[in-house]
Amino acid sequence: MIRRERHELWMRRALSVASSSSADVPVGAIVLDPAGVELAAAGNERELTGDPTAHAEILALRRAAALRGEWRLEDCTLVVTLEPCTMCAGALVLARISTLVFGAWEPKTGAVGSLWDVVRDPRLNHRPEVYAGVLEPECAQLLRDFFR
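In this report, we go over the structure that sits alongside the text. (Residues numbered from 1 in each chain as written. Predicted model: local features only at pLDDT ≥ 70, side-chain atom pairs only at ≥ 80, totals over all residues. Heavy atoms only, no water.)

This next bit is on the sheet that holds strand E1 (residues 28-32). Reading across from one edge, E2-E1-E3-E4-E5 is the order of the five strands in this open sheet, with mixed pairing throughout. Both edges of this open sheet fall to strand E2 (38-43) and strand E5 (129-131), since each of them pairs with a single strand only. For this sheet, the mean angle separating the axes of adjacent strands, direction not counted, is 15 degrees. Strand direction decides the pairing type here: strand E3 (residues 77-82) and strand E4 (residues 99-104), joined by five bridges, are parallel. (Pairing = 2+ DSSP bridges. Helix = DSSP H or I, 4+ residues; strand = E, 2+ residues; numbered from the N terminus. Axes fitted to C-alpha atoms, helices over the stretch in contact; angles between N-to-C directions.)

Listed below in structure tokens is the structure:
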């Protein structure tokens, strides 16, 4: 399977995770191992838990690290329906995620090219490969529908 098809398949899974959230902004994230096997999935849980850090990406990274028994997620891929914020971009860099795939751009808080570009900052010791705009129309529509 070519890379684009693989990214779209994974993004459809992340969209499914995002759609299952009813109380929070519908963002879905999955972490995959080097073979493309899903290690963890999460949607936003800020409203559910009252935790301001309970973004989909953070929760998926925590769950994947717990499953692997280590915080380094080298050679893993994070797929998320919305461009990560500064907190999430920083966390995926610190977790040593090798590849980031995201769907919709976030011009107000995005930290992977929209407002800031945390993941490509040459001053950091790790910079993941980034694939942006994967299934962007579907990801953006999910958010538009939620905020209507």
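That was the structure; now back to the text.
Moving on, we come to the layout of surface pockets. Empty pockets left among the atoms are what a rolling probe the size of a water molecule brings to light. Empty space within the largest pocket amounts to approximately 480 Å³. Across the lining of the largest pocket, the residue classes break down as 11 nonpolar, three polar and six charged. Empty space within the second largest pocket amounts to approximately 180 Å³. What lines the second largest pocket is a set of 15 residues, and nearest its centre among them are Arg-6, Trp-10, Pro-34, Thr-77 and Thr-99. Secondary structure elements with two or more residues in the lining of the second largest pocket: helix H1 (3-19) and E5. The element contributing the most residues to the lining of the second largest pocket is H1, with four residues. (1 Å grid on protein atoms, 1.4 Å probe; cavity = no way out; pocket = protein on both sides within 12 Å on 5 of 7 lines; lining within 4 Å. Points joined across faces, edges and corners; volume = space filled by probe spheres on them. Nonpolar A, V, L, I, M, F, W, Y, C, P; charged D, E, K, R; others polar.)

Each regular strand displays side chains that alternate between the two surfaces of the sheet. Counted residue by residue, E1 has five buried out of five residues, so it is predominantly covered. Judged by which residues are buried, E1 turns out to be covered on both faces: Gly-28, Ile-30 and Leu-32 on one side and Ala-29 and Val-31 on the other are all buried. By the bridge criterion, five bridges tie E1 to E2 in an arrangement that is antiparallel. Bridge pairing links Leu-32 to Glu-38 in E2. Connecting E1 to the next strand, E2, in antiparallel fashion are five residues, including Gly-36 with a positive phi near 90 degrees. (Buried < 20%, exposed > 50% of the residue type's maximum accessible area, 1.4 Å probe, protein only.)

Per the stated rule, a full pass over the model turns up two aromatic pairs. A centroid spacing of 4.9 Å and a plane angle of 85 degrees characterise the contact between Phe-102 and Trp-105, whose relative ring orientation is edge-to-face. We classify Phe-102 as buried; its relative accessible area is 0%. Judged by centre distance (5.0 Å) and plane angle (85 degrees), the ring pair of Phe-146 and Phe-147 falls under edge-to-face. On the basis of relative accessibility, which here comes to 32%, the residue Phe-146 falls in the partly exposed class. The exposure class assigned to Phe-147 is exposed, which follows from its relative accessible area of 58%. (Phe/Tyr/Trp six-rings, centres within 6.5 Å; stacked < 30°, edge-to-face > 60°.)

Quick look at the environment of Pro-128 now. Positionally, Pro-128 belongs in the loop between E4 and E5. C-alpha of Pro-128 to C-alpha of Ile-97: the two residues are 31 residues apart in sequence and 6.2 Å apart in space. Not counting chain neighbours up to four residues away, the residues in contact with Pro-128 comprise Leu-92, Val-93, Ile-97, Ser-98, Thr-99 and Val-119. (Contact = heavy atoms within 4.5 Å.)

With that out of the way, let us pick up the pairing of E3. Along E3, six of the six residues are buried, which leaves the element largely enclosed by surrounding structure. Here four bridges tie E1 to E3, and the two strands are oriented antiparallel to one another. Counted as the bridge partner of Ala-29 is Val-80 from E3. Taken together, E3, helix H4 (residues 86-94) and E4 constitute a β-α-β crossover, and its handedness is right-handed. (Right-handed = clockwise from strand over helix to strand, strands pointing away.)

Spatial relationships are all this shows, so hold off on functional conclusions.
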